[in-house]
2 protein chains.
Amino acid sequence: MGSAVPRFHGSAVYFVFVLICFGEAKRLLVIPQDGSHWLSMRAVVEKLSERGHEIVVVAPEVNLLMKESKYYTRKTFAVPYTADDLSQRFRSFGNQPFDEVSFPAMILGAYRSLMHLVEMFFINCKSLLRNREVMKYLEETQFDALFTDPALPCGVILAEHLSIPSVYFFRGFPCGLEHAISKCPDPVSYVPRCYSSHTDHMTFAQRVLNQLISFLETPLFKRLYIPYQELASELFQRDVHLPTLYRNGSVWLLRYDFVFEYPRPVMPNMVFIGGINCEEGKILPQEFEAMVNSSGEHGIVVFSLGSMVSEIPMKKAMEIAEAFGTIPQTVLWRYTGETPPNLAKNTKLVKWLPQNDLLAHPKARAFITHAGSHGVYEGICNAVPMVLMPLFGDQMDNAKRMESRGAGVTLNVVEMTSKDLSDALKAVIYDKKYKENIQRLSALHLDRPIEPLDLAVHWVEFVMKHKGAPHLRPAAHDLNWIQYHSIDVIAFLLAVVLLALFISLKCCLFCCRKCCCKSGRMSKKSKSKSH
Amino acid sequence: MGSAVPRFHGSAVYFVFVLICFGEAKRLLVIPQDGSHWLSMRAVVEKLSERGHEIVVVAPEVNLLMKESKYYTRKTFAVPYTADDLSQRFRSFGNQPFDEVSFPAMILGAYRSLMHLVEMFFINCKSLLRNREVMKYLEETQFDALFTDPALPCGVILAEHLSIPSVYFFRGFPCGLEHAISKCPDPVSYVPRCYSSHTDHMTFAQRVLNQLISFLETPLFKRLYIPYQELASELFQRDVHLPTLYRNGSVWLLRYDFVFEYPRPVMPNMVFIGGINCEEGKILPQEFEAMVNSSGEHGIVVFSLGSMVSEIPMKKAMEIAEAFGTIPQTVLWRYTGETPPNLAKNTKLVKWLPQNDLLAHPKARAFITHAGSHGVYEGICNAVPMVLMPLFGDQMDNAKRMESRGAGVTLNVVEMTSKDLSDALKAVIYDKKYKENIQRLSALHLDRPIEPLDLAVHWVEFVMKHKGAPHLRPAAHDLNWIQYHSIDVIAFLLAVVLLALFISLKCCLFCCRKCCCKSGRMSKKSKSKSH
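Criteria and thresholds
- Residues numbered from 1 in each chain as written.
- Chains lettered and ligands numbered in written order.
- Predicted model: local features only at pLDDT ≥ 70, side-chain atom pairs only at ≥ 80, totals over all residues.
- Heavy atoms only, no water.
- Salt bridge = Lys/Arg side-chain N within 4 Å of Asp/Glu carboxyl O.
- Helix = DSSP H or I, 4+ residues; strand = E, 2+ residues; numbered from the N terminus.
- Buried < 20%, exposed > 50% of the residue type's maximum accessible area, 1.4 Å probe, protein only.
- Contact = heavy atoms within 4.5 Å.
- Buried area = accessible area lost by both parts, 1.4 Å probe.
- Nonpolar A, V, L, I, M, F, W, Y, C, P; charged D, E, K, R; others polar.
- Pairing = 2+ DSSP bridges.
- Axes fitted to C-alpha atoms, helices over the stretch in contact; angles between N-to-C directions.
- UniProt positions renumbered as here; feature names shortened; annotations may be inferred.
- Domains from an automatic or database assignment.
- Polar contact = N/O pair within 3.5 Å; in protein donor to acceptor, adjacent residues only side chain to side chain.

S.K.: Just to check I follow, could you spell out the pattern of salt bridges for this structure?
M.R.: Oppositely charged side chains may form a pair once their charged atoms are brought near each other. Residue and element names in this part refer to chain B. In total, this model carries 48 salt bridges over all chains according to the counting rule given. In this structure, K75 and E133 form a salt bridge, with 3.9 Å as the shortest nitrogen-oxygen distance. Placement of K75 in strand β3 (residues 73-77) and of E133 in helix α5 (residues 132-140) is noted, with a sequence separation of 58 residues between them. Looking at K75, the relative accessible area reads 14%, which means it is buried. Residue classification places E133 among the exposed residues on the basis of a relative accessible area of 53%. Residue R238 is joined to E160 by a salt bridge in which the shortest nitrogen-to-oxygen separation is 2.9 Å.

This is the structure we're talking about:
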């Protein structure tokens, strides 16, 4: 475990010195999410540490990626599962998309393995909030802010418990719940809902489906978060409404960029740091440099299905290997499973690869990816056209976004044949429009006034320094549903209009009756006179 | 008139050299708005010129502030009025708020003098679009983008005519029409409408009024812009819908900052550059330095009602002068009218004052302002509490914003007495909460990841380089009103639900009837049997 004092690194020493002299070094509590979510958050934490802030990262003692580091103090808490349990749950989640089963069975399988993971994250949260020693330490340490991945609400609950402002950092909730929570309008007519694989230009039928999916958002939220709400109620000894806790987040650092996301309404406390994970391409390790150089004029294809997928069925692996044999490029395939027997000479299997650095190499011709947001951003940054094989979660939607922009071809990993993959690869490599489109997206994405990492660091420091960002909190949070939608006002104005109409009508009727009576009496009179 | 070649200035030479070598120097057409609107836009134009871009500013030959400059080529066009006419119209607009007349007469007077100005701006636009020589020059010159203040739509029409992308730069339309045009949701329940002087926390009655004002927005837009629509239709020889032209704006550079504006939904192509007009305080001219230094420990009060107000009635001037006699501070009053005979010794009348530099001086204790957005931002930047005397346009709303944040006191310039002004000044100078609040706002405002001027320059260059910013254009622009609000989808789903209910009901009735008939027959049978 690291120490809790601020650390000095190389050239940042002067800056740190200035920060400390002016009392600007702050103390930050970090509640991260394990897995790939942690990777880009870690870069922000490291940079904040370099700038002299004292960082405490709280993590379960059994975890995948949240290791000890010279940049922060890691505070761990006990959890009731082993490292084997953990990797088994991740493995079953990662490998499930390759099960060749019927569509309903696939959906059920995906849901079950996701819930299996979600349940484990909930166990983590419960273990932390009930760990007296760690909680006492957190309560007694004066933190200036809490920095958390709010995909699951443990950090959100802790921020409330410790009464400190918080900064959220993530790609987004399933079904864009971040917009519902932050009272950001979310027009269902052109903002595609999750898992729909729609673009922002929908047909009528797609808009109907989009509307139906949007009706499921609140139940989904409840299904995922009710246990946390109960946990928070137990901790605070009062009824807790989880969306209200979420609304206390001062700044939402969202890994969005509008070359990737579709333009839509946003709120002033949302800061966009899409592409934060794309570091500048570093020099390749020697073995990779050798492979790339030996690829000749044809260049390389980079293939990874992400860290969650450890192996794929041999039949599928052989189909993929066969497709690679049909192209002249050297394929670097990150794969930890058994080597397919038909592997062609141009295909190199590796247990790990420096993905971003390989994509940054001028010889990179195509990128075969599972369309995780980190990978897609690396493809965009380095302007490498993609073959997208989405597996789970937001990956189908990510793939659709790239395809709709003409920067890649999407394949269904279960149904695709060897020829499909070969054709898709040849298309993105030899059809110039894919390269041109991804180059255009890349140019738009990289032309920014400030780097996403600096922006993220700025806003975490802002919240630490100013104890939040209350000037960015919309008054919408203080209105109930009826008030927010002005239903009371519209009802009142309608009532006034109807009343005015009613009174006018009554007056008219009264006048008419008067006139009629008069003319009636007149005619009676005249009648009687004539009699 | 300046020359059309790029210019090099001091330390920027290397950067300009790089830009030219890489072919990144671009040609920008600027269609500005006269008056204070031009002041902060000019700073962006000058910086773009320093960065090697070639700039052409188109201005009427009779104008207030758009003078020749080494930073740009000024292209003028003839207008059918004289400099005297121009200053007369501005003077009558600026002095009208001091007319002591009944409320309806005041409203009518304000409307008339505003329309008098608006009419003149329309004459400008007509004169430009019908000036063959200037139009030919513009058509023959290849511009990369058009940079305009879109408060009035001449630049918007020109961008369409020349088929070039455009960047808008301004504070906002009357009644936030920029949100309606850019399809940005604008919840009437907490976004206060113009001229309402509401905050974002409204009572029920205020929300009703806000709703009623929002109903007036479209008619107001039509009243102001129909003549331009006709002018554009004449130019393009087809029916033109002005909001559609406005939607082609690639980026909206809005002089917003959320310490001043209320947080609300925004769109990704809106960039916030509030405070762009606050330069760093420069050294004061000698005469002002002397005045400030002689103020002693009490410091100074800066008083300006803006460049539009040339004189105020003597009675009012004497009331103001009397109030200044009651405070120990030295008052620097920008005033071009007749000197009030009761002017106290501590009050210095000047024809012009370096407002921002005086406010930046540590001896600045209070700022009396007409609450124009430029002045308010200077007050915020320099953390000087304000006495606000709004006169016209958005100034009432600006004053309310500052007052609601506890950073100033608002006075009605017509109704206030000498004592009111004296009390307000003493309050903002001696009641610590005003200073603390403005210091807090100032700290939030100035803690930004990039300076507003650099941000503005970045986005103009972005649009010139990428020929627009199509990735920031929401798909909402391609939907009609019914589609955008999903009314067709809701109607369809309702119809389906009703049909399903109807069929279920019919089935139930049919079953019931069957059962009843059966039981009827059964009971008949049993009856007949019993008989």
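Structure shown, so let's carry the discussion forward.
S.K.: Would you mind going over the environment of I213(B) with me for this structure?
M.R.: All names here are of chain B. Structurally, I213 is set in helix α8 (residues 204-215). You can call I213 buried: its relative accessible area is 15%. Sequence spacing of I213 and F258 is 45 residues, and the spatial spacing of their C-alpha atoms is 23 Å. Excluding residues that lie within four positions of it along the chain, I213 makes contacts with R193, C194 and S196.

S.K.: What is the right way to read the interface of chain A and chain B from this model?
M.R.: When the parts of a complex come together, some accessible area is lost, and that lost area is often used as the size of the interface. On the chain B side, the residues contacting the 50 residues of chain A number 50 residues. Carbon and sulfur atoms supply 71% of the area buried between chain A and chain B, which totals about 4,200 Å² over both sides. Seen at the junction of chain A and chain B, the total is four salt bridges. Residue assignment for the side of chain A that touches chain B shows that the elements contributing at least two residues are α8 (204-215), α17 (432-446), α18 (452-466), α19 (481-484) and α20 (487-530) of chain A. Along the lines of polarity and charge, the residues of the side of chain A that touches chain B split into 32 nonpolar, eight polar and 10 charged.

S.K.: Sorry, what's going on with the side chain of H179(B) here?
M.R.: Within the secondary structure, H179(B) is located in helix α7 (residues 177-181). For H179(B), the residues in contact, after removing those within four places along its chain, are C184(B), D186(B), Y256(B), R264(B) and M270(B).

S.K.: Looking at this structure, how should I read the sheet that holds strand β4 (residues 145-148) of chain B?
M.R.: Adjacent strands of a sheet form backbone hydrogen bonds with each other and so pair up, either parallel or antiparallel. Residue and element names in this part refer to chain B. Read across the sheet, seven strands follow the order β3-β2-β1-β4-β5-β6-β7 without closing on themselves; strand pairing throughout is parallel. At either margin of the open sheet sits one strand with a lone partner, and together these are β3 and β7 (270-272). On average, adjacent strands in this sheet sit at an angle of 20° to one another, irrespective of strand direction. Together, β1 (27-31), β4 and β5 (166-170) form the strand contacts of helix α6 (residues 154-162), whose direction differs from that of β4 by roughly 175°. Across the sheet, helix α18 (residues 452-466) is in contact with β1, β4, β5, β6 (249-254) and β7; its angle to β6 comes to roughly 175°.

S.K.: Is there a simple way to think about the UniProt feature "transmembrane region" (unreviewed entry) in chain A in this case?
M.R.: With numbering aligned to this structure, UniProt lists the feature "transmembrane region" (unreviewed entry) at residues 489-512 of chain A. Structurally, residues 489-512 of chain A is divided into 100% helix and 0% strand, and its ends, taken at the C-alpha atoms, are 34 Å apart.

S.K.: I'm lost on the domain arrangement of chain A in this one. Help?
M.R.: Structurally, chain A comprises domain 1 (80-129), domain 2 (286-446) and domain 3 (479-517). Centre-to-centre separation of domain 1 of chain A and domain 3 of chain A, based on C-alpha positions: 58 Å.

S.K.: Can you walk me through the environment of Y81(B) in this structure?
M.R.: All names here are of chain B. For Y81, the position within the fold is in the loop between β3 and α3 (83-95). For the pair Y81 and N124, spaced 43 residues apart in sequence, the C-alpha to C-alpha distance is 9.6 Å. Discounting residues that sit within four places of it in the chain, Y81 has contacts with P60, V62, L86, M120, I123 and N124. Here N124 takes part through its side chain, which lies 2.5 Å from a polar atom of the side chain of Y81.

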